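Chain by chain, the residues run as shown.
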Amino acid sequence: MAFTAQDVKALREKTGVGMMECKKALVESDGDMDKAIDFLRERGLATAAKKATRIAAEGVVLPYYDSDAKKGVVVEVNSETDFVAKNEKFMNFVTGVAKTIVATDPADVETLCNTAYYGTDRTVTETLNDLILAIGENMKVRRFETMDGIVSTYIHGGGAVGVMIGFDVADESKAATKEFEDMGKNVAMQIAAMNPSYLDESSVPADVIEHEKGILAAQMKEDPKMASKPEAVLEKIAAGKMGKYFKENCLVEQEFVRSDLFQGSVKGYIDSVAKALGTEIKANGFIRMMKGDGLEKREENFAEEIAKQING
């Protein structure tokens, strides 16, 4: 079966693969478009396997919320370079992965990768391998976390940090207002900027509190001015210092960074918006995910690279 230049162009548009590869696929498949697509996909799987050893520590963290399903997700998909992370096809793929998670609620990344990609009959892995073939870089769905209920999201630095925070709202109709939307985004921005470890004081594990108290006790023992103070006074001092720890590490206790909007704690800011809306609002949890956190990063040595080129 013969094929034309238009067939090559059509195959390229369908697959995103280079012209020469498309021409080769049509030659191998005797001009059959469907067989040519299969040929490229099969080759894509082999190409993806070769690229899988490359470090993929760039990419994007994407928070996504479906207000109809009342379900949110923060997902990290890695690529080799930051340049690819800005690619429209890459971002469309990441959004599709987020939609797949919301729609199917997979237990883990392995289950997700074997699930049909949103709106298609191909798995997430097969769709990813198609993308690897088209773009030419290793990519990987690394992790995700979900949250149910009323959720606000914020993405910082083009996907460097993704935040999702959940709220309990007495009158859920108020969650559709601009005032609530702005408040949710502002609190999510606080999480991105200040990186709190816990939601509130009650969320801090008992062993962490005991550890901090132990450090405080040791510090006071080393201070000659403290040695002569009564035990009751020392306990009050320690309690005050723990209060400072909670204020620094617990979201709702932190000083609200947007002092132009509100001066006081994050809880005070949330309460002020709730009062203005005539309802009760309480933060019930949050997720903060940073791109590439814990991954090995590729270290470029340009002098070494140039030396290699000079030496042949």
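Residues numbered from 1 in each chain as written. Predicted model: local features only at pLDDT ≥ 70, side-chain atom pairs only at ≥ 80, totals over all residues. Heavy atoms only, no water.

Residues and numbers for the sheet that holds strand 2 (residues 71–79), please.
Hydrogen bonding along the main chain pairs the strands of a sheet, whether they run parallel or antiparallel. The strand order across the open sheet formed by 3 strands is 1-2-3, and the pairing between neighbours is antiparallel. The open sheet has two free edges, formed respectively by strand 1 (60–66) and strand 3 (139–148), since each of these has just one partner strand. Strand-to-strand, the axes of this sheet are offset by a mean angle of 20°, without reference to chain direction. Pairing of strand 1 with strand 2, which is carried by 7 bridges, proceeds in the antiparallel orientation. Directly across from Val60, in strand 2, lies its bridge partner Val77. Here helix 5 (residues 88–104) sits on the sheet and contacts strand 1, strand 2 and strand 3; the angle it forms with strand 2, its principal contact strand, is near 140°. (Pairing = 2+ DSSP bridges. Helix = DSSP H or I, 4+ residues; strand = E, 2+ residues; numbered from the N terminus. Axes fitted to C-alpha atoms, helices over the stretch in contact; angles between N-to-C directions. Contact = heavy atoms within 4.5 Å.)

Please set out the pattern of salt bridges residue by residue, giving values where relevant.
Counting across every chain of the model gives 13 salt bridges. For Glu172, the salt bridge goes to Lys70, with nearest N and O atoms at 2.5 Å. Pair noted here: Glu172 is in the loop between strand 5 (161–169) and helix 8 (178–194) and Lys70 is in the loop between strand 1 and strand 2, with a separation of 102 residues, a long-range link. Judged by its relative accessible area of 44%, Glu172 falls in the partly exposed class. Here Asp271 makes a salt bridge to Lys267, at a shortest N to O gap of 2.8 Å. (Salt bridge = Lys/Arg side-chain N within 4 Å of Asp/Glu carboxyl O. Buried < 20%, exposed > 50% of the residue type's maximum accessible area, 1.4 Å probe, protein only.)

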